[in-house]
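# Examination of the molecular architecture
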Amino acid sequence: MLEHDLKAAMTAETAALTIAPDLAERVERRARRGRWRTRLAALLAAVLAAAGWWLVPNLLGTPAARPDRMIDGVELGHLPAGLVRQPDLRQAEGEVTITTARWIHLAGESRLERSVNVSVARGPIATTEAWRVYSGEDELDAVVAGHPGTRMRSPHGEFFYWAPAPDLAITVMTMGEVSLEAVVAGLDY
Amino acid sequence: MTGFADFVAARGTALLRTAYLTCGSVHEAEDVLQAALEKACRNWSRIDDRDPEPYVRRIIVNTVISRARRRAILRIIPTGSPPDRPAPADDVVLRQVLMDGLRALPPRQRAVIVLRYWEDLTEAQTAEILGCSTGTVKSQAAKAMARLRTLLGEEVSSAGT
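Remember, it's a predicted structure, so these values are computed and weren't measured experimentally.

## Focus on the overall build of chain A
In terms of regular secondary structure, chain A is built from 5 helices and 10 strands. A burial count over chain A gives 40% of its 189 residues as buried. Long-range pairs, those at least 24 residues apart, make up 46% of the contacts in chain A between residues at least 6 apart in sequence. Counting only carbon and sulfur atoms, one obtains 58% of the accessible surface of chain A, whose full area is about 10,900 Å².

Have a look at this one:
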């Protein structure tokens with residue numbers, strides 16, 4: 001029976017594998033360091049926020065993150081001229097929050113000519129229905145700007161979905177003469 | 001944190017084996033296990049009154065799948081032995097074919113097989129860890145087993161020629 005053979009093969013294959021005797025000690029040490037790093041980062045963030053968010057870019061000589069291009073911590077770097085941001089849409093599914101920002105350009109008679117949609121999902125995304133729908137039984141089928149993910153094309157535009165981290169998923173949808181690759185490549189998170 | 005050290009001593013090796021079977025690399029398995037244990041260690045005060053093993057196992061499996069997705073590890077790993085290796089016994093050949101087949105499966109299917117047939121979890125428990133329905137677990141397991149059967153069939157055919 002295949003199940004039996006498989007279990008026997010897995011047992012034999014892993015028989016020699018054991019953890020290092022000091023694993024627990026190393027993990028506890030790293031976890032303690034991680035906790036301090038988190039506290040320090042939170043403290044620094046609070047200090048910087050109190051000093052004013054403009055202070056850092058002025059001191060470092062770098063441009064500030066543009067609030068009109070921020071979507072729940074993700075910055076949209078590439079935005080074609082003429083697109084105007086619409087009110088964000090915020091949704092929640094269990095512990096996952098999804099923020100969707102939309103930039104549009106209307107042609108004559110309020111006809112939608114071009115648009116960029118960016119959705120940022122944060123939390124345990126693997127538990128959401130969206131994850132099941134997009135990644136369900138399929139495997140990766142596309143790479144856009146170096147990100148492996150799921151890409152779909154329709155007469156109305158293009159769609160790309162990927163998960164850069166277990167608790168972060170990003171969806172980009174473009175319509176009209178807007179390059180999906182350029183939008184995806186320009187995202188900073 | 002005595003409870004944590006005891007847990008690692010008691011269950012660490014079993015979790016390492018699960019990680020290895022799910023990802024196919026000893027180095028990555030050790031890395032994933034360490035990352036999962038670190039996360040568990042940071043939250044130990046919240047989880048040590050429950051059985052922490054399912055929590056750690058869930059992190060391991062989902063981390064492996066997530067990493068594999070990111071790296072797009074979907075290539076079929078070549079099967080067969082190097083030519084200078086002595087001819088292995090039949091059971092060793094079977095083991096090699098099955099393990100090569102397991103590594104060649106897409107990450108989610110591989111995780112389903114490891115959780116169902118190595119960890120002996122039920123379909124419902126497997127579905128809970130992977131965050132999917134039991135129907136998906138059934139279909140993924142069926143596809144994976146069909147693929148392994150095909151591989152075994154090919155091996156038998158090539159051995160007979």
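## Some points on the interface of chain B and chain A
A common way to report how large an interface is uses the accessible area buried once the components associate. The partner chain A presents 36 residues to the 48 residues of chain B that form the contact. Of the roughly 4,000 Å² buried between chain B and chain A on both sides combined, carbon and sulfur atoms contribute 64%. Between the two partners, chain B and chain A, sit 4 salt bridges. The closest approach of N and O atoms between Arg103 of chain B and Glu13 of chain A, which form a salt bridge, is 2.7 Å. Of all the secondary-structure elements, those providing two or more residues to the side of chain B that touches chain A are helix 1 (2-23), helix 2 (26-42), helix 4 (52-71), helix 5 (90-104), helix 6 (107-118) and helix 8 (134-160) of chain B. With 9 residues, helix 1 of chain B is the largest single contributor of residues to the side of chain B that touches chain A. Taken together, the residues of the side of chain B that touches chain A break down into 29 nonpolar, 8 polar and 11 charged.

## Structural notes on the nonpolar core
Counting residues in each nonpolar core, the largest one holds 57 residues, and the members touching the most others are Met10 of chain A together with Leu37 of chain B. A total of 9 residues in this core trace back to one element, the largest contributor, which is helix 1 of chain B. Those residues in contact with Met10 of chain A that sit more than four places away from it in its chain are Leu21, Met99, Leu102, Ile113, Val114, Tyr117 and Trp118 of chain B. The next biggest cluster of nonpolar side chains, apart from the first, holds 23 residues, and it includes Ile71, Leu76, Val118 and Val172 of chain A.

## What about helix 7 (residues 123-130) of chain B?
All names here are of chain B. The complete set of buried residues in helix 7 reads Thr126, Ala127, Ile129 and Leu130. Down the axis of helix 7, the smallest arc covering the buried residues is 160 degrees, so these residues share one side. Phi for Gly131, located one or two positions after helix 7, is positive at around 65 degrees.

## Quick look at unusual backbone geometry
Backbone geometry at Ala145 of chain A places phi at a positive 50 degrees, although glycine is not the residue there. Positionally, Ala145 of chain A belongs in the loop between strand 6 (142-144) and strand 7 (147-154). Of note, Asp120 of chain B is a non-glycine position whose phi angle comes to about 60 degrees, a positive value. For Asp120 of chain B, the location among the structural elements is in the loop between helix 6 and helix 7.

## With respect to the sheet that holds strand 1 (residues 70-71) of chain A
All names here are of chain A. Sheet architecture is open: 3 strands sit in the order 1-2-10, paired in antiparallel fashion. Edge positions in the open sheet fall to strand 1 and strand 10 (187-188), since each of these has one partner strand only. Where strand 2 (residues 74-76) and strand 10 come together, 2 bridges link them in antiparallel fashion. The residue bridging Leu76 from the neighbouring strand is Leu187, located in strand 10.

## Notes on the pairing of strand 9 (residues 168-175) of chain A
Residues and elements named next belong to chain A. With 6 of 8 residues buried, strand 9 lies mostly within the body of the structure. Pairing of strand 8 (residues 157-165) with strand 9, which is carried by 6 bridges, proceeds in the antiparallel orientation. Of the residues in strand 9, the one forming a bridge with Phe160 is Val172. The loop that links strand 8 with its antiparallel partner strand 9 comprises 2 residues.

## Observations concerning the side chain of Glu119 of chain B
On the secondary structure map, Glu119 of chain B appears in the loop between helix 6 and helix 7. Apart from residues no more than four positions distant in its own chain, Glu119 of chain B is found in contact with Thr18, Arg57 and Val114 of chain B.

## Side note on the pairing of strand 3 (residues 84-93) of chain A
Residues and elements named next belong to chain A. With 8 bridges connecting them, strand 3 and strand 4 (residues 96-106) associate as antiparallel partners. Paired with Gln86 across the strands is Arg102, a residue of strand 4. Where strand 3 folds back onto strand 4 in an antiparallel hairpin, the turn is made up of 2 residues, including Gly94, whose phi is positive at roughly 60 degrees.

## Some thoughts on the environment of His105 of chain A
Within the fold, His105 of chain A resides in strand 4. Along the sequence, His105 of chain A and Pro80 of chain A sit 25 residues apart, while their C-alpha atoms lie 9.7 Å from each other.

## Comments concerning the packing of helix 6 of chain B against helix 7 of chain B
Residue and element names in this part refer to chain B. One can describe the packing of helix 6 onto helix 7 by two numbers: an axis separation of 10 Å at closest approach and a directional angle of 140 degrees. The orientation of helix 6 with respect to helix 7, classified from their angle, is oblique. Relative to helix 7, helix 6 is oriented so that their crossing is right-handed. Packed against helix 6, whose contacting residues are Arg108, Ala111, Val112, Leu115 and Arg116, the element helix 7 presents Glu123, Thr126, Ile129 and Leu130 at the interface.

## Regarding the confidence of the model for chain A
Residues and elements named next belong to chain A. For chain A, per-residue confidence averages 76 on the pLDDT scale, and residues scoring 70 or more make up 69% of the total. Confidence drops under pLDDT 50 across residues 52-56; counting only partners more than four residues distant or on other chains, this segment forms 4 contacts. For residues 136-140, every residue scores under 50 in pLDDT, and the model assigns this stretch 18 contacts once sequence neighbours within four places are set aside.

## Let's talk about empty space enclosed by the protein
Residues and elements named next belong to chain B. Applying the stated rule across the entire model yields 2 cavities of 30 Å³ or more. In terms of lining, the second largest cavity is formed by Tyr20, Leu21, Gly24, Met99, Leu102 and Arg103. Secondary structure elements with two or more residues in the lining of the second largest cavity: helix 1 and helix 5. With 3 residues, helix 5 is the single largest residue contributor to the lining of the second largest cavity. In this structure, the lining of the second largest cavity is formed jointly by two domains, domain 1 (1-73) and domain 2 (81-161), each of which donates at least three residues.

Cut-offs used in this document
Residues numbered from 1 in each chain as written. Chains lettered and ligands numbered in written order. Predicted model: local features only at pLDDT ≥ 70, side-chain atom pairs only at ≥ 80, totals over all residues. Heavy atoms only, no water. Helix = DSSP H or I, 4+ residues; strand = E, 2+ residues; numbered from the N terminus. Buried < 20%, exposed > 50% of the residue type's maximum accessible area, 1.4 Å probe, protein only. Contact = heavy atoms within 4.5 Å. Areas by Shrake-Rupley, 256 points an atom, 1.4 Å probe, with all protein chains shown as cover. Buried area = accessible area lost by both parts, 1.4 Å probe. Salt bridge = Lys/Arg side-chain N within 4 Å of Asp/Glu carboxyl O. Nonpolar A, V, L, I, M, F, W, Y, C, P; charged D, E, K, R; others polar. Core = buried A, V, L, I, M, F, W, Y, C linked by side-chain atoms within 4.5 Å. Arc of directions from axis to C-beta. Pairing = 2+ DSSP bridges. Axes fitted to C-alpha atoms, helices over the stretch in contact; angles between N-to-C directions. Parallel < 35°, antiparallel > 145°, perpendicular 65-115°, else oblique. Left-handed = near helix turned anticlockwise from the far one by under 90°. pLDDT = per-residue confidence, 0-100. 1 Å grid on protein atoms, 1.4 Å probe; cavity = no way out; pocket = protein on both sides within 12 Å on 5 of 7 lines; lining within 4 Å. Points joined across faces, edges and corners; volume = space filled by probe spheres on them. Domains from an automatic or database assignment.

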